[in-house]
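Observations on the model geometry
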Amino acid sequence: MTAGLLLAAGAGRRYGRPKALVELAGEPLVRRGVRLLRDGGCTPVHVVLGAGADEVPDLPGAVPVRHDRWSEGLGSSLRRGLASLPADVPAAVVVLVDQPLLHPVAVHRVRAAYAGGALVAVATYAGRPGHPVLLGRDVWPLLDGYAIGDRGARDLLRDRPDLVVEVPCDDVGSPLDVDTPADLPRLVSDG
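Residues numbered from 1 in each chain as written. Predicted model: local features only at pLDDT ≥ 70, side-chain atom pairs only at ≥ 80, totals over all residues. Heavy atoms only, no water.

1. What about the pattern of salt bridges?
Oppositely charged side chains are able to pair whenever their charged atoms sit close together. Basically, it comes down to this: Salt bridges are identified by distance alone: a Lys or Arg side-chain nitrogen within 4 Å of an Asp or Glu carboxyl oxygen. Each helix is a run of DSSP H or I of at least 4 residues and each strand a run of E of at least 2, with the numbering of both proceeding from the N terminus. Here's how the labels work: a residue is buried when its accessible area is under 20% of the maximum for its type, exposed when over 50%, partly exposed in between, all with a 1.4 Å probe on protein chains only.
In this structure the tally under the stated criterion is twelve salt bridges. Where Arg-66 meets Asp-54, a salt bridge forms, and the shortest distance between an N and an O atom there is 3.1 Å. A residue pair is termed long-range when its members are at least 10 positions apart, and Arg-66 in strand 5 (residues 63-66) and Asp-54 in the loop between strand 4 (45-49) and strand 5 qualify at twelve residues. Classification of Arg-66 by relative accessible area gives partly exposed; the value is 44%. Looking at Asp-54, the relative accessible area reads 67%, which means it is exposed. We note a salt bridge from Asp-171 to Arg-109, for which the minimum N-O separation is 2.7 Å. Linking Asp-171 in the loop between strand 9 (164-168) and helix 5 (183-190) with Arg-109 in helix 3 (residues 104-115), this pair joins segments that are 62 residues apart in sequence.

2. A look at the pairing of strand 7 (residues 120-125)
Keep this limit in mind: By definition, two strands form a pair when at least two bridges between them are found by DSSP.
Most of strand 7 sits inside the fold, with six of its six residues counted as buried. Here strand 7 shows two buried faces, one formed by Val-120, Val-122 and Thr-124 and the other by Ala-121, Ala-123 and Tyr-125. When strand 7 meets strand 8 (residues 128-136), the two strands line up antiparallel, connected through five bridges. Bridge pairing in strand 8 links Val-122 to Val-133. Linking strand 7 back to strand 8 in an antiparallel pair, the connection comprises two residues, with Ala-126 at a positive phi of about 55°. Bridge count for strand 7 against strand 9 is five bridges, and the pairing is parallel. Looking across to strand 9, one finds that Thr-124 is bridged to Pro-168.

So yeah, pure geometry; function would need other evidence.
Shown next as structure tokens:
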């Protein structure tokens, strides 16, 4: 069993509203993220919500996790989400709500790397690390010193390459993200 963790708590300041509520092709990004993780074989799927949490639509197939301290940044949301997972979950695949063109095949690939013995598996695009990122439970305690402010696991991945298996995903999906309303047309044309 590999859990899915969707980080969707931010206010989307550059966008002008929480990105979880933004729609692409008529579907809220938060629902796209849940579908990505479920189609990628993750169970359970937890969604960390903060800004705009009361406006988020129902999320069939997911457990909403309210995070009142979302304004502390991405690191805080990551730690909150991992803490919300059941004790018998050995690993979690983490994705961000503002990357709607990620593909379930990438989720399957990082899960396969974990099944092959990886403690941390990160999708790469053109050789650069991106999402999804799989974190085995054994490394979660290390995040206390890394997942701070708007930093997630990136510095851990950089400092501990001995833990990381890179999983090429250039041929599936795209790591492009939505930061501003102007990014949506770009995603539609690239996706």
